[in-house]
Amino acid sequence: MTSPLLDVQNITMQFGGLKAVDSFSMQISKGQLAGLIGPNGAGKTTVFNMLTGVYQPTSGQVVFNSKSLTGLKPYQISHHGLTRTFQNIRLFKNLTVLENVLIAGHQHIKYTWWDIMTLNKSFSLEEKALNEKGKQILNIFGLYEKWNEKASSLPYGEQRKLEIVRALMTSPEMILLDEPAAGMNHSETHNLMELIAKIRKEFNLTVLLIEHDMKLVMGICENIFVLDHGVKIEEGIPSKIQSSPKVIEAYLGVDSETH
Amino acid sequence: MEELLQHLINGLSLGSIYSLIALGYTMVYGILQMINFAHSEVYMMGAFFAYYSAKLLKLENSPSFTTLLIILFITMAMCSLLALSIEKFAYRPLRKQPKLNVLITAIGVSLFLQYVAQIIFGADPKVFPTLINDQLLFEVAGVPVKSFDVTILGVSVTAMFALHFLVYHTKLGQAMRAVSHSPAVASILGINVSRTIAFTFVAGSSLAGIGSILVGIKYQKIEPMMGTMIGLKAFVAAVLGGIGSIAGAVVGGLVLGVSEVLVVVYGSSQYRDALAFGILIFILLFKPAGIFGKNTIEKV
Amino acid sequence: MKTFKIPIVASLVIILIAGSVGMLANSYIQLILLFLFVNSIMGMSLNLINGYTGQFSLGHAGFIAIGAYFTSIISTSVPFPSGLGALPVAGFITIGSGLVAGLVGYFVGLPSLRLKGDYLAIVTLGFGEIIRVSLNNIPFFGGAIGISNIPSFPELNFGGFIIDRFLVALIFATFWAVTCFFFIWRLLNSSPGRGFLSVREDEIAAEAMGINTTKMKVQAFVISSFFAGVAGSLYAYFTNYVSPASFTFLMSIDAVIMVVLGGMGSMTGCLASAFFITLLPEILRSLKDYTYGIDLRMVIYSLALILIMILRPQGLFGEKEIFHHWRKNDKSTT
């Protein structure tokens, strides 16, 4: 077997006396669609934050594409092809839908300040290409018609979709989705999952998603990691997770609100 | 050596005034996370409240302990009233707005008070009434200790102990600490958040009022622009001590006061004002949490 | 030719209008006219960092002072060549002023811009004050007295056809104001400019999308300081005199008011308020007799600040441009 695309080795996050995540490891190979689940407060988002450089792990390291991400800033990690969405939507609220998307394309821009100030050909060609790419991805998610609307004016579900579009615009190899279906109804969720499957194929993506909805995760993920109190208690294919007594205990014992 | 001791006394009395004003910044910051730029103008207005109340009560030429107490109480009350109205009319409507808007508003209030004071009181300096006689009290190791310095230190130390008692030994203080920890939780626990915030303003501005009288006693001159520089320095003191920390404001004020006096004596008086900004920049760049402050993590 | 068509046409229109107003007026009004340009550049440059990048700076006066002093020192020691040669020489001195201010901006911005919100505001205020106090205390810069006798622009003589001093100054001012406007405008319609906006909107999201937010902030701060230096240079040329007392905290506040009043993130709104703020003291001058000689200007400013923040927190124009279709046209051409 070739080395995994994402190799997380014993990462620990300590806030003061509290270990939010304790020696967490996982391997995700290229092209996989994996899930990270666990009860509320299990440390899932903290794992995402460590993977994307928002937090520096107290110990352990993250290897992506055979390169260590230790000590890199979030934007550098994004340049390596690892990007994310946010659980508590973080769009550029006062900017238009298209502007939100274009910003994510910044790292691939090659024109210089001279080109900007003289409005020359290389500037206008590249801007045009960027705009087209943005509109094309918006189109996949059915947001094309709203390109000129303020991001904050979109309904909740569309804001979540826009977050994914924005992340795709960085041309990532792997995308981390933090509860992409939170707050969506059944048919919206179904639609979103189809879209995720579609973009995964179309953009040759590896996906890791945090999700609360167990049914949903079981339905689409190929490999699942279960986190409880900052510790990985189980991993494997959905059927294994479903029958694991540890997982059932974690969900029923701690958080009876399983959906 | 005697000289140094003299400078230390000078520095401490200047520093205790900075501390008094710094406390107002730090308390409001602790509870609202905003820099109350108008605080320095509440202090300035305090000096004029004292000036006019002494005049109205015909107390300007009868220095005594009672006079001092009367003027102190009137000034504290007036300053509280002023701060309450600022809080109510300028800050409260903006409670849910971005911090930047609140900061700009605070700057606006500060400028407004400065220039309105110039129109009402005139831009020229006024001679502050003699509330207490300046006389030699005793000598320590050959260093004369005067009643001005003793009054300043005595009043500020008393005020700080009163504040300490208020914050740590009363129900109100408990509410203040709860709100500064988390307004949402405090309000669930049945604490009246708005009233607690208002009370924080009252406490802070009372201290500023006391500070203004002490400055009046020490320098005997008041004018509408007197708040700007001392306000900035008190703010520096609060940051130095760790903004939000009450002990920090006291220590920060004393450190700043003493080092300022030392710079004037052993360096150049021209750089006196630059010192405060130098300290500020140094602290913010290298230890933004200050001496007593805690680092915070932004939630994602 | 698209590159320069609009800026050149705009410059000609401005020179034509301001020139004809100025030629009919006395030298006092001419100076006010020139100050419209200085203040516009001051407001636009601060808008870049405050309004578009969302980093609140209260030390703009410091950078203006640096530009003004650089111009004063160079132009009092190197005499202007007479005739047309004066303009390029002045141009280079102004560029130099901007570069020095930009360089200082870099060294101030790099450490300061790690701080956020209130803290950044206070640190920049501190730097601004330190610059002023230093100018005040270093004999080389003339101390509290400052530097006087800064040469004005010479009049130009084309074989009997004379362009008067004011017009030469106006052409120079227009050149810089138009340069500043289009520099920032085009920047905002490009990828780095969108990067600035993303920093203002949400730094954490911007980083996750591959934006180096530190670099963006420092870039915006340096450009902002550069044009503040340019404004300072023009200030020195037009008043012929600089002293530390001109570059106080209140000048920074003036610039902030222009940005806030015009709407944080609106170029034309910022220009409109720069005009308002330049002209207001002149309108209020007549009121002085009723206020015992005290300037009502600051009372009105401060009230305006408070009321705008409470009633219209996004500023008078918000993010809208006065000619909103401009921006869309600009986009469709790119």
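On a predicted model such as this, the values are computed, not experimentally measured, just so you know.

*Asks:* For this particular structure, what's the right way to read the overall build of chain B?
*Replies:* Across its full length, chain B holds 11 helices and 4 strands. Taking 300 residues into account, the globule formula puts the C-alpha radius of gyration at 19 Å, and chain B, at 19 Å, falls close to it. C-alpha atoms of chain B, sized along the principal axes, occupy 60 × 45 × 40 Å. Within chain B, the fraction of its 300 residues that count as buried is 55%. Intrachain contacts of chain B at a sequence separation of at least 6 include 78% that bridge at least 24 residues. A gap of 16 Å separates the mean positions of the 19 positive and 13 negative side-chain charges of chain B.

*Asks:* Can you help me understand the nonpolar core in this one?
*Replies:* Inside soluble globular proteins, nonpolar side chains tend to come together where they are buried. Counting residues in each nonpolar core, the largest one holds 266 residues, and the members touching the most others are A:L162, B:F37, C:L58, C:F238 and C:F247. If you tally residues by element for this core, the top one is helix α6 (residues 165-188) of chain C, at 16 residues. Residues lining this core come from more than one domain, with at least three contributed by each of domain 1 (1-81 + 172-259) and domain 2 (93-168) of chain A. Apart from residues no more than four positions distant in its own chain, A:L162 is found in contact with A:L91, A:V97, A:N100, A:V101, A:L138, A:L143, A:A151 and A:L154.

*Asks:* Looking at this structure, I do not really get the sheet that holds strand β4 (residues 59-64) of chain A. What am I missing?
*Replies:* The pairing of strands in a sheet comes from backbone hydrogen bonds and takes either a parallel or an antiparallel form. Residues and elements named next belong to chain A. Sheet architecture is open: 4 strands sit in the order β2-β1-β4-β5, paired in antiparallel fashion. The open sheet is flanked by β2 (18-28) and β5 (67-68), the only strands paired with a single partner. Note: β4 against β5, 2 bridges, orientation antiparallel. Bridge pairing in β5 links V63 to S68. Contacts between helix α1 (residues 44-51) and the sheet are confined to β1 (6-15), β2 and β4, with β1 contributing the most and set at about 115° to the helix.

*Asks:* Explain the interface of chain C and chain B to me, please; I cannot follow it from the model alone.
*Replies:* Buried accessible area, meaning the area lost when the parts come together, often serves as the stated size of an interface. Each side of the interface is counted separately: chain C has 37 residues, and chain B has 41 residues. With both chains or domains summed, chain C and chain B bury close to 3700 Å², and 81% of this area falls on carbon and sulfur atoms. Run the count over chain C and chain B and you get 0 salt bridges. Elements represented by at least two residues in the side of chain C that touches chain B include exactly α4 (86-112), α5 (117-137), α10 (249-262) and α12 (297-311) of chain C. Within the side of chain C that touches chain B, the residues separate by chemical class into 29 nonpolar, 4 polar and 4 charged.

*Asks:* Whenever I open this one, the interface of chain C and chain A confuses me. Can you help?
*Replies:* Contact with chain C, which involves 33 residues of that partner, is made by 35 residues of chain A. Across the chain C/chain A interface, buried area totals approximately 3100 Å², and carbon plus sulfur atoms make up 65% of it. For the pair chain C and chain A, the interface holds 2 salt bridges. The partner of A:E127 in a salt bridge is C:R194, with the nearest N and O atoms 2.9 Å apart. Inspection of the chain C/chain A interface yields 14 residue pairs in polar contact (both at pLDDT 80 or more). Those elements that provide at least two residues to the side of chain C that touches chain A are α1 (2-24), α6, α7 (191-201), α8 (203-208), α9 (213-239) and α13 (324-333) of chain C. Ranked by residue count, the leading element in the side of chain C that touches chain A is α7(C), at 8 residues. Of the residues contributing to the side of chain C that touches chain A, the split by class is 13 nonpolar, 9 polar and 11 charged.

*Asks:* Looking at this structure, I do not really get the sheet that holds strand β3 (residues 33-37) of chain A. What am I missing?
*Replies:* Residues and elements named next belong to chain A. On the basis of which strands lie adjacent, the open sheet formed by 6 strands has the order β6-β7-β8-β3-β9-β10 and mixed pairing. Since the sheet does not close on itself, it has two edges, and those belong to β6 (82-84) and β10 (231-236), each with one partner. Mean inter-strand twist for the sheet, computed between neighbouring axes without regard to direction, equals 20°. Pairing between β6 and strand β7 (residues 174-178): 3 bridges, direction parallel. Bridging from a neighbouring strand, R84 pairs with L176 of β7.

*Asks:* Just to check I follow, could you spell out the domain arrangement of chain A for this structure?
*Replies:* Residue and element names in this part refer to chain A. By the assigned domains, chain A splits into domain 1 (1-81 + 172-259) and domain 2 (93-168). Measuring from the centre of the C-alpha atoms in domain 1 to the corresponding centre in domain 2 gives 27 Å. Summing both sides of the interface, domain 1 and domain 2 together bury roughly 1300 Å²; the carbon and sulfur share of this comes to 72%. Looking at the side of domain 1 facing domain 2, the largest losses of area belong to L195, I199 and F203, adding up to 30% of the total buried there. Counting across the interface, domain 1 meets domain 2 through 3 residue pairs in polar contact (both at pLDDT 80 or more). In terms of residue count, the dominant contributor to the side of domain 1 that touches domain 2 is helix α7 (residues 186-202) (6 residues). Classifying every residue of the side of domain 1 that touches domain 2 by side-chain character gives 11 nonpolar, 4 polar and 4 charged.

*Asks:* So what exactly am I meant to see when it comes to helix α3 (residues 60-77) of chain C here?
*Replies:* For an α-helix the count is 3.6 residues per turn, leaving residues at separations of three or four pointing the same way. If you check α3(C), its first and last C-alpha atoms are 26 Å apart, about what 18 residues at 1.5 Å a residue would give, namely 26 Å. Across the 18 residues that make up α3(C), a large majority, 13, are buried.

*Asks:* Just checking my understanding: could you explain the packing of helix α11 (residues 272-286) of chain B against α5(C) for this structure?
*Replies:* Helix-helix packing: each pair is described by the crossing angle between the helix axes and the interaxial distance. In the contact formed by α11(B) and α5(C), the axes pass within 9 Å of each other and the chain directions differ by 140°. Between α11(B) and α5(C) the crossing geometry is left-handed. On α5(C), the residues that touch B:A274, B:F277, B:G278, B:L280, B:I281 and B:L284 of α11(B) are C:Y119, C:I122, C:V123, C:L125, C:G126, C:F127, C:E129, C:I130 and C:V133. Of the residues assigned to the contact of α11(B) with α5(C), the class counts are 12 nonpolar, 2 polar and 1 charged.

*Asks:* I keep staring at the side chain of C:R200 and nothing clicks. Help me out?
*Replies:* Within the element layout of this structure, C:R200 appears in helix α7. Residues contacting C:R200, with those up to four places away along its chain left out, are A:L95, C:G51, C:Y52, C:T53, C:G54, C:M264, C:G265 and C:E319.

*Asks:* How do you make sense of the environment of C:V242 when you look at a structure like this?
*Replies:* All names here are of chain C. Position of V242 relative to the elements: it lies in the loop between α9 and α10. Given the relative accessible area of 0%, V242 is considered buried. Sequence separation between V242 and I150 is 92 residues, and the spatial gap between their C-alpha atoms is 8.6 Å. When sequence neighbours within four positions are dropped, the list of residues in contact with V242 reads A68, Y69, S72, I145, G146, I147, I150, Y235, A236 and F247.

Quick notes on the rules
- Residues numbered from 1 in each chain as written.
- Chains lettered and ligands numbered in written order.
- Predicted model: local features only at pLDDT ≥ 70, side-chain atom pairs only at ≥ 80, totals over all residues.
- Heavy atoms only, no water.
- Helix = DSSP H or I, 4+ residues; strand = E, 2+ residues; numbered from the N terminus.
- Rg over C-alpha atoms; globule rule 2.2 N^0.38 Å.
- Buried < 20%, exposed > 50% of the residue type's maximum accessible area, 1.4 Å probe, protein only.
- Contact = heavy atoms within 4.5 Å.
- Lys, Arg positive; Asp, Glu negative; His and termini not counted.
- Charge placed at Lys NZ, Arg CZ, Asp CG, Glu CD.
- Core = buried A, V, L, I, M, F, W, Y, C linked by side-chain atoms within 4.5 Å.
- Domains from an automatic or database assignment.
- Pairing = 2+ DSSP bridges.
- Axes fitted to C-alpha atoms, helices over the stretch in contact; angles between N-to-C directions.
- Buried area = accessible area lost by both parts, 1.4 Å probe.
- Salt bridge = Lys/Arg side-chain N within 4 Å of Asp/Glu carboxyl O.
- Nonpolar A, V, L, I, M, F, W, Y, C, P; charged D, E, K, R; others polar.
- Polar contact = N/O pair within 3.5 Å; in protein donor to acceptor, adjacent residues only side chain to side chain.
- Expected span 1.5 Å × (residues − 1).
- Left-handed = near helix turned anticlockwise from the far one by under 90°.

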